[in-house]
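Single-letter residue listing:
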Amino acid sequence: MNLHPVDFRTLTPEIFQVFGTQNALLTAGDRNGCNTMTIGWCQLGRLWSIPVCTVYVRPERYTYQFMESHDYFTISVMPLSHKQTTMQVCGTQSGRDINKIKECGLTLRYGAGDAPFFDEAEWVLVCKKLYAQDLNENCVLQGENILRHYGAKGGWHRVYTGEVVEAYTK
Ligand SMILES: Cc1cc2nc3c(=O)[nH]c(=O)nc-3n(C[C@H](O)[C@H](O)[C@H](O)COP(=O)(O)O)c2cc1C
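Along each chain, residue indices are assigned from 1 in the same order as the chain's sequence is written. Reporting in this predicted model follows two pLDDT cut-offs: at least 70 for local features of residues, and 80 or more for side-chain atom pairs to be given and counted; totals over whole chains, interfaces and linings ignore these cut-offs and use all residues.

**A short note on the overall build of the protein**
- Secondary structure assignment for the protein yields four helices and 10 strands.
- When its helices and strands are written in sequence order, the protein yields β-α-β-β-β-β-α-β-α-α-β-β-β-β.
- For 170 residues, the compact-globule estimate of 2.2 N^0.38 gives 15 Å, and the C-alpha radius of gyration of the protein, at 15 Å, lies within 12% of that figure.
- Over its C-alpha atoms, taken along the principal directions, the protein stretches across nearly 45 × 40 × 30 Å.
- Put plainly, a residue is buried at 20 or more neighbouring C-beta atoms within 10 Å of its own, exposed at 12 or fewer, and partly exposed in between, counting only other residues' C-beta atoms, which are placed from the backbone. Taken over 170 residues, the protein has a buried fraction of 34%.
- Two residues qualify as a contact pair if the distance between their C-beta atoms, derived from the backbone, is within 7 Å. For the protein, long-range pairs separated by at least 24 residues make up 71% of all intrachain contacts whose partners lie at least 6 apart in sequence. Only runs of H or I of at least four residues qualify as helices and only runs of E of at least two qualify as strands under DSSP, and these elements are numbered from the N terminus. C-alpha atoms define the radius of gyration, and 2.2 Å times the number of residues to the power 0.38 defines the globule rule.

**Regarding the nonpolar core**
- Membership of the largest hydrophobic core comes to 37 residues, with the highest contact counts inside it found for Leu26, Val55, Phe73, Ile75, Ala121, Val124 and Leu125.
- A per-element tally of this core places strand 9 (residues 123-134) first, with five residues.
- Those residues in contact with alanine 121 that lie beyond four places of it in its chain are Leu3, Ser76, Val77 and Met78. Definition of nonpolar core: a set of buried Ala, Val, Leu, Ile, Met, Phe, Trp, Tyr and Cys residues joined via C-beta atoms within 7 Å.

**Overview of the environment of serine 81**
- The residue serine 81 is located in the loop between strand 6 (72-77) and helix 3 (86-92) in this model.
- Classification of serine 81 by C-beta neighbours within 10 Å gives exposed; the count is 11.
- In the structure, serine 81 is positioned 28 residues away from cysteine 53 in sequence and 24 Å away in space, judged by C-alpha atoms.

**Overview of unusual backbone geometry**
- Even without a glycine there, the phi angle at tryptophan 48 is positive, about 55°.
- Its place among the elements puts tryptophan 48 in the loop between strand 4 (42-47) and strand 5 (50-57).
- Look at aspartate 114: it is not a glycine, yet its phi comes out positive at around 60°.
- Its place among the elements puts aspartate 114 in the loop between strand 7 (108-110) and strand 8 (116-118).

**Brief notes about the site of the ligand**
- For each residue, a C-beta atom is placed from the backbone, and the residue counts as near a molecule or strand when that atom lies within 6 Å of it. Around the ligand lies a shell of 20 residues, among which Gly40, Thr63, Gly91, Ser94 and Gly95 are the nearest.
- Those elements giving two or more residues to the shell around the ligand turn out to be strand 3 (33-39), strand 5, helix 2 (62-69) and helix 3.
- The leading source of residues in the shell around the ligand is strand 3, at four residues.
- Any residue outside Ala, Val, Leu, Ile, Met, Phe, Trp, Tyr, Cys, Pro, Asp, Glu, Lys and Arg is labelled polar, Gly included; the first ten of those are nonpolar and the last four are charged. Looking at the shell around the ligand, its residues break down into six nonpolar, 11 polar and three charged.

Written as structure tokens, this is what we have:
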């Protein structure tokens, strides 16, 4: 096993660098079944006086069903060497059509709440869902960088904010 649990307060990830280059795998489900997909949108910080992680999932993703039906989700930040392989496959193929985890040769591990993550990651956060809400076109104040992501490109994302309950690193 590569990854071991650490106190998340000791993590100092370069968030603005990670998201946009390495990105992450968002995974939800449990030992009976799960799905993963590449995400490029994510925030980490503090909300309601606790450490949180926020992710954005379009309703048409297969992963959305797992996000809805399970209490936990994880983000696994993979090494840059996975960019053209794992991250490409998991960001363009649907778990409805192929078993992405098997296809990419990823090793499943399980954290709090049986939440699945990947041993090949550089670091992982396990999060317990606290809050979910759909982004809403009526709330857009400056559409220039927002509206181009919708329409033909797909439905408005559901925002999931989870409490960070565990972290793992090498
Ligand atoms: C770099 C990159 C970032 C992505 N970020 C997101 C994201 O933040 N939210 C989202 O809903 N889809 C995102 N996607 C698209 C999903 O990863 C993609 O549609 C995936 O095939 C969905 O798989 P699924 O149907 O198995 O859930 C991203 C794709 C790529 C390549």
